[in-house]
Amino acid sequence: MASPPFYNGSMAGCEAFINACRIYIMVKPQDFSDVTAKVMWVLSYMQSGMAQQFRDAFLVYMQLAEYRTEFLQAAPGIDAIKILYRNIYQAFGNPNKQATVILESTMMKQGTKTTEEHIQCFKQAYSHAGYQETAGIHKLKRSLNTLLLDKCMSVPELPTTLEKWYELVIRLDWQWRQAVAERKVFTARGGSTQCNWQLKPQQWRSPAQPAQRDPNAMQVDRNCGPIRCYNCGQSGHMARNC
């Protein structure tokens, strides 16, 4: 089981630190004899920056009667360690998380991220922004790279739901990346690829000789004019009578 990361008091890492502590304590409750052991364990990971100042101040607070009342004498059914989580979030967490998420989703751009990575980031921001689905589709289109958005807009029937937009964007991006990869392979092979088939050599044939006319051949075509001699060219007789 991984231990939580050391926390320095940054707003961006506050929620992640609290969640990591919560998971560890829930998975290994046998490691903590009482609530004070849990509190000391969480504070041990706050070692730098503003988090260190919070830790030092809380250690002083633990010597007071207020700590015993709030943590050690908590009402039945109340998990006192959650009080510490709440104090940490109030000190370092985002006071207006929704506004921050809306700003992030508005400024979000795909850039060099793959479509799958970008969609995951967008889903996370969208789930906290409180957008209606139509507004979410508009924000997604604005965040895509220009070439990918152009390919999406050329589809005959555009999706009407955000989930279908996710599928369309990922599919078109995958097709484009596959085409680029195949083009690189074909370019690398170049002209080295040889055909597997071979042309059969053609046999030489002598030029056809024109057929010579038989001087005694009969003229049987009815559409021809009067009988003409093949020898002298005069009409009225045949070559054998010339």
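Refer to the preceding data block for the structure.
Heads up: these notes are all about the structure in this document.

Thresholds, definitions, all that
Residues numbered from 1 in each chain as written. Predicted model: local features only at pLDDT ≥ 70, side-chain atom pairs only at ≥ 80, totals over all residues. Heavy atoms only, no water. Helix = DSSP H or I, 4+ residues; strand = E, 2+ residues; numbered from the N terminus. Buried < 20%, exposed > 50% of the residue type's maximum accessible area, 1.4 Å probe, protein only. Polar contact = N/O pair within 3.5 Å; in protein donor to acceptor, adjacent residues only side chain to side chain. Contact = heavy atoms within 4.5 Å. Phe/Tyr/Trp six-rings, centres within 6.5 Å; stacked < 30°, edge-to-face > 60°. Core = buried A, V, L, I, M, F, W, Y, C linked by side-chain atoms within 4.5 Å. Patch = residues over 30% accessible without salt bridge, like charges linked within 9 Å, V, L, I, M, F, W, Y side chains within 5 Å. Areas by Shrake-Rupley, 256 points an atom, 1.4 Å probe, with all protein chains shown as cover. Salt bridge = Lys/Arg side-chain N within 4 Å of Asp/Glu carboxyl O.

**Overview of the side chain of D173**
So, point 1. For D173, the location among the structural elements is in helix α10 (residues 162–189).
So, point 2. Of the residues examined, D173 reaches a relative accessible area of 5% and is grouped as buried.
So, point 3. For D173, the side chain forms a polar contact with the side chain of R177, separated by 2.7 Å.
So, point 4. When residues no more than four places from it in sequence are discounted, the contact partners of D173 are T115 and L148.

**Considering the packing of aromatic side chains**
So, point 1. Within this structure, the stated rule accounts for 15 aromatic pairs.
So, point 2. Look at F54 and F92: their rings are 5.7 Å apart centre to centre, the planes differ by 65°, and that puts the pair in the edge-to-face class. Of this pair, F54 sits in helix α3 (residues 49–61) while F92 sits in helix α5 (residues 81–92), and the two are 38 residues apart along the sequence. The residues F54 and F92 share a single accessibility class, namely buried.

**Here we look at the environment of M40**
So, point 1. Along the chain, M40 turns up in helix α2 (residues 35–43).
So, point 2. In this structure the C-alpha to C-alpha distance between M40 and L59, which are 19 residues apart in sequence, comes to 8.6 Å.
So, point 3. Apart from the residues within four sequence positions on either side, M40 is in contact with L59 and M62.

**Thoughts on the nonpolar core**
One broad trend across soluble globular proteins is that nonpolar side chains are buried collectively.
So, point 1. Ranked by size, the top nonpolar core spans 28 residues in total, and within it V39, V42, M46, F58, F71, L84 and I88 carry the most contacts.
So, point 2. With near-sequence residues (within four places) excluded, I88 lies in contact with C14, F17, I18, V42, M46, F54 and G93.
So, point 3. Residues I119, I137, L144 and L162 belong to the second largest nonpolar core, which totals 17 residues.

**As for a nonpolar patch on the surface**
So, point 1. Where nonpolar side chains cluster on the molecular surface, the patch consists of M1, I23 and V27 and spans about 280 Å² of accessible area.
So, point 2. The residue M1 is located in the segment before α1 (14–27) in this model.

**Concerning the environment of E116**
So, point 1. Looking at where E116 falls in the secondary structure, it is placed in helix α7 (residues 115–129).
So, point 2. Sequence spacing of E116 and Y166 is 50 residues, and the spatial spacing of their C-alpha atoms is 9.0 Å.

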